[in-house]
Amino acid sequence: MNRFMAWIAFLFGATYFALPLLGMAEFSLSMRRGVYSLDAYRAVLADPQFQATFAFSVVMALFTIAFGILLVVPTAFWVRLKLPGLRPLVEFLTLLPLVIPAIVVVFGYLRLYNTSSWLPMTGTAMGTNILLMFGYAMLALPYMYRAVDTGLRAIDVATLTEAAQSLGAGWGTILAQVILPNVLPAVLSGAFLTFAIVIGEFTMAALLDRPAFGPYMQILGANKAYEPAALAVIAFAITWACMALIQLVTRFSKHARAQR
Amino acid sequence: MTGMAAVRARALNWVGIVPFAVFVGLFLILPTLYIVVGAFRTPDGAFTFDNIIGLNTASIRNAYWVSLKVSFLSALLGCAIGFAIAAAITLGGLPRQMRNPMITFSGVASNFAGVPLAFAFIATIGPAGLITMYLRTELGINLRLYGWNLLSTWGLIVTYLFFQIPLMILIITPALDGLKREWREAAEVLGATGLQYWRMVALPILFPSILGTMALLFANAFGAVATAIALTGPSLNIAPILLYAQIRGDVLGSPNLGYALAFGMIVITGAANMIYIMLRIRAERWLK
Amino acid sequence: MAFLELRNLEKSYGATRVVKDFTIGVEEGEFISLLGPSGCGKTTVLRMVGGFETPSQGAIFIDGKDVVALRANQRAIGMVFQAYALFPNLTVAENVAFGLKVGGVGRAERGARVAEMLALIGLRDLGDRYPFQLSGGQQQRVALARALAPRPKVLLLDEPLSALDAKIRVSLRTEIRAIQKRLGITTIFVTHDQEEALSMSDRVVVMNGGRADQIGTPFEIYNAPTSRFVAGFVGTLNTFDAVVTDQAAGGVTLDDVPLVIGRRLPVAAGQTVGIALRPEAVQLGRDPSREVVLPAKIVEVHFMGAVVRIAAEVAGRKFTIDTFNRVDMPPPAVGKSVEISIAARDFLILSDPVEGGQPRL
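My aim in this report is to walk through the structure given alongside it, one point at a time. (Residues numbered from 1 in each chain as written. Chains lettered and ligands numbered in written order. Predicted model: local features only at pLDDT ≥ 70, side-chain atom pairs only at ≥ 80, totals over all residues. Heavy atoms only, no water.)

1. Notes on the packing of helix α12 (residues 239–249) of chain B against helix α13 (residues 255–283) of chain B
Residue and element names in this part refer to chain B.
Reasoning step 1: Taken N-terminus to C-terminus, the directions of α12 and α13 make an angle of 150 degrees; their axes are 10 Å apart at the nearest point. In terms of orientation, α12 and α13 fall into the roughly antiparallel class. Crossing hand, α12 versus α13: left-handed. Contacts between α12 and α13 involve A239, P240, L242, L243 and Q246 from the former and P255, G258, L261, A262 and M265 from the latter.
Reasoning step 2: When grouped by side-chain class, the residues that make up the contact of α12 with α13 number eight nonpolar, two polar and no charged. (Axes fitted to C-alpha atoms, helices over the stretch in contact; angles between N-to-C directions. Helix = DSSP H or I, 4+ residues; strand = E, 2+ residues; numbered from the N terminus. Parallel < 35°, antiparallel > 145°, perpendicular 65-115°, else oblique. Left-handed = near helix turned anticlockwise from the far one by under 90°. Contact = heavy atoms within 4.5 Å. Nonpolar A, V, L, I, M, F, W, Y, C, P; charged D, E, K, R; others polar.)

Rendered as structure tokens:
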């Protein structure tokens with residue numbers, strides 16, 4: 001009876017998850033009447049807008065990841081080492097982006113950093129890009145911080161630091177050559193997750209009026225029939241690839257540990 | 001001298017989190033505060049409750065109400081269905097090979113939100129979607145006649161569940177793994193039925209995790225803009241879409257009313273989390 | 001029929017038989033230990049009695065009733081687990097009351113019984129605590145009270161002491177036995193610790209490879225082990241294979257050194273027999289009242305306090321010798337040549353066939 005219920009739950013879930021994927025795949029192949037074809041994909045990939053917005057979002061994602069690592073790794077390390085009393089507060093702050101809707105935060109950006117404010121970031125394209133990157137880093141903060149902090153928990157930060165200091169290393173060396181390599185799998189996990197979040201993000205990019213992949217998809221969706229399904233398949237593949245890379249990184253690090 | 005050195009060392013300790021503090025302050029706290037303060041200000045900067053009172057129109061009330069309904073129901077259903085699936089793969093006696101694919105897929109699906117998710121559902125149960133067409137041409141069932149419309153509250157809920165359920169699976173599976181076999185056996189040998197074990201032991205132990213996920217799923221759905229816009233365009237009247245339209249074009253005709261609308265959203269997600277924290281503290285007396 | 005009777009129990013997982021032809025009758029109020037190394041099947045036997053495993057064959061009778069078809073929650077059994085397994089979300093009192101509550105016992109009666117149980121384990125004032133606020137020893141006592149509260153017919157203890165530290169383990173041992181005696185409850189205790197099994201039980205079942213090798217009182221198990229396995233597993237032992245020279249009078253030679261066993265031997269002259277000797281049965285020095293005196297050379301000395309454990313080379317073999325510490329007799333120096341004396345009655349004859357090989361220390 002118990003196992004029967006388990007099968008029902010599992011099959012229900014599997015069906016619910018599979019159908020939309022099937023639907024979008026089928027739809028994306030149906031551009032030519034009567035036969036399956038890759039026409040929708042061809043149309044999407046050939047679209048210069050697609051290429052431009054996709055490239056923009058990839059670059060944004062890479063910068064966000066770089067900034068996120070530079071911000072989160074030293075902070076998490078420092079809090080664990082020197083300010084353990086502050087951990088609950090820092091953790092709380094990093095979880096806030098899960099509570100405050102992103103649209104509210106970006107609304108604040110638009111008012112706080114507009115052309116007539118003290119820090120007119122939205123005045124130039126570059127300034128707006130940087131603001132968008134900060135916004136993305138904020139969105140990714142809960143995931144990035146969690147991943148890194150979990151990685152740090154697994155190693156003895158204090159002892160490693162003292163050992164490195166006794167050998168004459170400075171803070172920069174300790175972070176770059178001792179701490180970072182040890183939490184690299186965690187950092188990479190956070191990085192891939194950040195990539196998955198940033199690449200299709202819509203709200204912030206649209207409201208800051210940047211030519212990113214998310215708004216492009218939305219505009220295409222409002223105007224075309226089959227191309228959006230092809231885009232959805234592509235976006236799903238990207239998300240899947242990011243998750244696969246995370247699994248790979250974690251498995252690889254476990255493997256390395258077991259061999260030691 | 002040593003006292004001075006100690007003070008200096010302590011001050012130096014704080015330097016380490018200055019970048020983080022500046023980042024969080026400038027790009028999370030200040031923007032949010034700006035909105036909150038703006039909600040209580042007239043355009044001239046004087047204190048007022050008019051904006052909050054101004055929210056009390058039929059259209060805005062309705063937007064909040066639909067948002068609440070969609071978020072709450074999708075969180076509730078996401079928790080219930082996600083729990084059932086997680087229980088099936090952990091405790092249900094299914095073959096081990098079914099567990100990892102489900103977890104991996106959940107990792108993907110929980111991040112597959114936004115615009116492409118809407119496309120997937122339009123292609124599946126939209127007016128010309130796979131299932132809709134199949135039912136109509138093969139079985140002669142016209143979903144529309146049964147009141148189905150993807151661009152509706154329930155359409156939104158069904159779509160949101162695609163990331164809500166996996167999120168629940170991801171969070172609750174470790175908690176279910178944490179249930180010790182001995183607890184179940186101890187309850188059983190003391191005469192408890194399976195139902196009594198779940199009611200008196202397992203569910204109370206899982207309660208904080210379930211509640212936490214519920215709050216997270218609620219906030220997750222409440223703030224979701226992209227999926228809703230890609231799915232329904234600006235046609236569906238929910239709070240985040242209304243706010244989106246307000247930010248783009250001041251459809252409410254008053255910037256400060258926009259702040260109030262955003263403030264209302266913070267209050268609702270914040271309240272959901274407060275309720276969660278309070279219930280969790282009560283539920284976790286035994287874990288202090 | 002005994003109060004708790006296990007008849008020809010078998011349990012197989014696929015092709016592996018983890019319990020083989022296990023039969024024992026436990027009298028009402030008796031305390032029985034299942035002793036053996038990990039993987040010997042002792043826990044599986046316990047779990048079959050508890051109702052968590054279904055026997056592949058055989059029957060289990062409790063108070064004259066076959067319970068094999070009953071589920072765990074219908075068997076009226078109390079069980080204490082190795083890892084306490086207290087419900088973390090319930091207080092001590094609620095834990096103890098759990099079995100009564102699901103059994104439909106009224107509130108007033110429940111309260112009285114819980115108070116009685118808490119008094120029994122000496123934790124009268126801790127009823128409102130949560131498990132995480134208790135020490136390991138306290139948690140295990142609460143687990144015992146929880147198991148006993150619904151007045152089970154049989155109490156099962158699954159290595160209840162092995163998660164605790166040494167001191168508590170010893171004191172709780174005495175306490176469990178005292179409570180068991182006071183309530184007169186039929187008890188099966190699973191352990192891999194021979195000291196626990198010997199000190200607590202009315203009878204001990206030594207298990208090996210899924211089988212009961214020997215069943216007997218602690219005194220019998222220790223002093224008259226019937227198999228090489230039992231002899232080796234319970235206590236420390238010198239074992240060696242000797243060649244029989246005189247079956248009737250009990251004469252053997254050990255590498256050409258003649259020994260007098262003084263009893264009829266199970267095998268004929270010219271064949272090999274397994275002989276064992278407890279370390280405390282060997283005396284350092286010449287004792288004319290003992291039949292066997294051998295030259296030996298001291299190779300190791302371990303001073304352990306009350307006992308001095310000495311390894312000596314005798315007829316090319318290493319013997320373990322335990323002597324009590326005495327103020328007037330410092331331990332011998334390593335390398336010294338001495339004599340050892342053994343009384344013929346102290347030799348244990350191992351009945352199972354000789355497998356050949358080196359003596360086991």
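Let us keep going from here.
2. Here we look at unusual backbone geometry
Excluding glycine, most residues fall at negative phi; most peptide bonds, likewise, are trans.
Reasoning step 1: Positive phi, normally seen in glycine, also occurs at D209(A), with a value near 65 degrees.
Reasoning step 2: Turning to its location among the elements, D209(A) is positioned in the loop between α10 (203–207) and α11 (213–223).
Reasoning step 3: Take D209(A): its relative accessible area is 57%, and that puts it in the exposed class.
Reasoning step 4: Phi is positive for D21(C), which is not a glycine, with a value near 45 degrees.
Reasoning step 5: Tracing the sequence through the fold places D21(C) in strand β2 (residues 16–26). (Buried < 20%, exposed > 50% of the residue type's maximum accessible area, 1.4 Å probe, protein only.)

3. Comments concerning the interface of chain B and chain C
Reasoning step 1: Taken together, the contact pairs 21 residues of chain B with 23 residues of chain C.
Reasoning step 2: For the chain B and chain C pair, buried surface summed over both sides reaches about 2200 Å², with 67% attributable to carbon and sulfur atoms.
Reasoning step 3: When the area that chain B buries against chain C is broken down by residue, the three leading residues are V189(B), L190(B) and W286(B), summing to 33%.
Reasoning step 4: For the pair chain B and chain C, the number of links is one salt bridge.
Reasoning step 5: The closest approach of N and O atoms between R47(C) and E185(B), which form a salt bridge, is 2.6 Å.
Reasoning step 6: For the pair chain B and chain C, the number of links is five residue pairs in polar contact (both at pLDDT 80 or more).
Reasoning step 7: Of the residues contributing to the side of chain B that touches chain C, the split by class is 12 nonpolar, three polar and six charged. (Buried area = accessible area lost by both parts, 1.4 Å probe. Salt bridge = Lys/Arg side-chain N within 4 Å of Asp/Glu carboxyl O. Polar contact = N/O pair within 3.5 Å; in protein donor to acceptor, adjacent residues only side chain to side chain.)

4. Let's talk about the pattern of salt bridges
Reasoning step 1: In total, this model carries 25 salt bridges over all chains according to the counting rule given.
Reasoning step 2: For D177(B), the salt bridge goes to R99(B), with nearest N and O atoms at 2.6 Å. Of this pair, D177(B) sits in helix α8 (residues 153–177) while R99(B) sits in helix α5 (residues 99–111), and the two are 78 residues apart along the sequence.
Reasoning step 3: The class for D177(B) is partly exposed, based on a relative accessible area of 40%.
Reasoning step 4: Its salt-bridge partner being E185(B), residue R181(B) comes within 3.4 Å of it at the nearest N-O pair. Of the two residues, R181(B) and E185(B) are both situated in helix α9 (residues 181–189); the distance of four residues between them amounts to about one turn of the helix.
Reasoning step 5: With a relative accessible area of 54%, R181(B) lands in the exposed category.
Reasoning step 6: Three or more residues are tied together by salt bridges with common partners; here these are R80(A), R87(A), E91(A) and D149(A).

5. So, the interface of chain B and chain A
Reasoning step 1: Opposite the 72 residues of chain B that make contact, chain A presents 71 residues.
Reasoning step 2: Taken together, the two surfaces of chain B and chain A that pack against each other cover about 6400 Å², and 82% of this comes from carbon and sulfur.
Reasoning step 3: The largest share of the area that chain B buries against chain A comes from F20(B), F23(B) and F27(B), three residues that together contribute 12% of it.
Reasoning step 4: At the boundary of chain B and chain A, one finds one salt bridge.
Reasoning step 5: A salt bridge links D209(A) to R248(B), with the nearest nitrogen and oxygen atoms 3.9 Å apart.
Reasoning step 6: Linking chain B to chain A there are 11 residue pairs in polar contact (both at pLDDT 80 or more).
Reasoning step 7: Ranked by residues supplied to the side of chain B that touches chain A, first place goes to helix α2 (residues 18–38) of chain B with 13 residues.
Reasoning step 8: Looking at the side of chain B that touches chain A residue by residue, the classes come out as 56 nonpolar, 15 polar and one charged.

6. A closer look at helix α3 (residues 48–81) of chain A
Note: α-helices contain 3.6 residues per turn, so residues at a spacing of three or four share the same orientation.
Reasoning step 1: Between the first and last C-alpha of α3(A) there are 49 Å, a value that for 34 residues agrees with the 50 Å anticipated at 1.5 Å per step.
Reasoning step 2: For α3(A), the N-terminal cap is D47(A); the gap from its side-chain oxygen to the backbone nitrogen of Q49(A) is 2.9 Å. (Expected span 1.5 Å × (residues − 1).)

7. Focus: the nonpolar core
Reasoning step 1: The biggest cluster of nonpolar side chains holds 223 residues, and the ones touching the most others in it are F162(B), F22(C) and F98(C).
Reasoning step 2: Here this core takes 14 residues from helix α4 (residues 58–91) of chain B, the largest share from any one element.
Reasoning step 3: If sequence neighbours within four positions are ignored, F162(B) has contacts with Y16(A), F17(A), P20(A), L21(A), F105(B), A109(B), F112(B), L117(B) and F121(B).
Reasoning step 4: Listed in part, the 33 residues of the second largest apolar core include V114(C), L164(C), I176(C) and I185(C). (Core = buried A, V, L, I, M, F, W, Y, C linked by side-chain atoms within 4.5 Å.)

8. With respect to the packing of aromatic side chains
Reasoning step 1: Counted under the stated rule, the structure contains 47 aromatic pairs over all chains.
Reasoning step 2: Ring geometry for F236(A) versus F105(B): centroids 6.4 Å apart, planes at 45 degrees, classification tilted. Taken as a pair, F236(A) in helix α12 (residues 227–259) and F105(B) in helix α5 lie in two separate chains rather than in one. The pair F236(A) / F105(B) is uniform in exposure class, with both members buried.
Reasoning step 3: Where F31(C) meets F189(C), the ring centres are 5.6 Å apart and the plane angle is 45 degrees; that geometry is what we call tilted. Here F189(C) lies in strand β8 (residues 186–191) and F31(C) lies in strand β3 (residues 31–35), a separation of 158 residues in the sequence. Residues F31(C) and F189(C) agree in their burial class; the two are buried.
Reasoning step 4: Here the aromatic cluster, defined as three or more aromatic residues joined through ring pairs, consists of Y16(A), F17(A), F236(A), W240(A), F105(B), F112(B), F121(B) and F162(B).
Reasoning step 5: The ring centre of Y222(C) lies 3.8 Å from the NZ or CZ of R278(C), which sits over that ring. (Phe/Tyr/Trp six-rings, centres within 6.5 Å; stacked < 30°, edge-to-face > 60°. Lys NZ or Arg CZ within 6 Å of the ring centre and 35° of its normal.)

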